[in-house]
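Observations on chain architecture
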Amino acid sequence: MSKSRNSLIFQPSGLFVKGSLNLSGKFRQAISNAIKKSQYSREQIVEMIEVLTEIRISKHILDQSTSSKQEYRFPAEVLHALCLITGSLEPLRVLAGSIGCDVIEPEETRELKILRLQREKERIEREIERLKKELKENEQV
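Residues numbered from 1 in each chain as written. Predicted model: local features only at pLDDT ≥ 70, side-chain atom pairs only at ≥ 80, totals over all residues. Heavy atoms only, no water.

Some details on the confidence of the model for the chain
Worth spelling out the cut-off: A residue's pLDDT is simply how confident the predictor is in it, with values from 0 to 100. Contacts were defined at the residue level, with two residues in contact if any of their heavy atoms lie within 4.5 Å.
This prediction gives the chain a mean pLDDT of 88; 89% of its residues lie at or above 70. Between residues 1-10, whose pLDDT stays under 50, and residues either more than four places distant or in other chains, the model counts eleven contacts.

Right, dumping it as structure tokens:
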């Protein structure tokens, strides 16, 4: 891969295309929508972010990072707090979705945990059966 800012990032497999992960517009819109749908003002949101994370961002930063001006960015280290405060996982979904991942709702967590444990249980049961079979074969020799 090239370190030059102006050159296209390219891998022989063709996985990387310049700008393919540019989510700026979608991400800004997701943050704006989360704020609009929340019960809190922008001032309240930045105050709660500071209380929860001990990281201060101003209302000005929040306003600028949801504007169309590309030079302003929303701080990633407080994104989780914004999502918690607004009750919206959409900004996280935009980011995760860009790399083929998804964000699950809190109520889905238990179901997912059960599925993972069932898979692990099945794997363990197969391993036990394999070892029993091996043990039996060794006893017959």
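Now that the structure has been shown, we can carry on.
Description of the pattern of salt bridges
Pairs can form between side chains of opposite charge once their charged atoms are near each other. Counted only if it meets this: Salt bridge, as used here: a side-chain nitrogen of Lys or Arg that lies within 4 Å of a carboxyl oxygen of Asp or Glu. Starting at the N terminus, helices and strands are each numbered in turn, a helix being any DSSP run of H or I of at least four residues and a strand any DSSP run of E of at least two. The cut-offs for exposure are 20% and 50% of the maximum accessible area for each residue type, with area from a 1.4 Å probe on protein chains only; residues under the lower value are buried, those over the upper are exposed, and the others partly exposed.
A full pass over the atoms with the stated rule returns eight salt bridges. For Glu90, the salt bridge goes to Arg93, with nearest N and O atoms at 4.0 Å. You can see Glu90 and its partner Arg93 sitting in helix 5 (residues 90-97), three residues apart, about one turn around the helix. Take Arg93: its relative accessible area is 24%, and that puts it in the partly exposed class. What you see here is one network of salt bridges that share partners, running through Arg42, Lys59 and Asp63.

So, unusual backbone geometry
The phi dihedral of Glu54 falls on the positive side, at around 60 degrees, and the residue is not glycine. Secondary-structure assignment places Glu54 in the loop between helix 2 (42-53) and helix 3 (59-65). Take Glu54: its relative accessible area is 74%, and that puts it in the exposed class.

Quick word on the nonpolar core
Formally: Take the buried residues of types Ala, Val, Leu, Ile, Met, Phe, Trp, Tyr and Cys, join any two whose side-chain atoms come within 4.5 Å, and each joined set is a nonpolar core.
Among the nonpolar cores identified, the biggest contains 18 residues, and Ile45, Ile49, Phe74 and Leu82 are the most heavily contacted of them. Mapped by element, the contributors of at least two residues to this core are helix 1 (24-37), helix 2 and helix 4 (79-86). With five residues, the top contributor of residues to this core is helix 4. In contact with Phe74, other than residues within four places in its own chain, are Phe27, Ile31, Ile57, Leu62, Ser65, Leu79 and Leu82.

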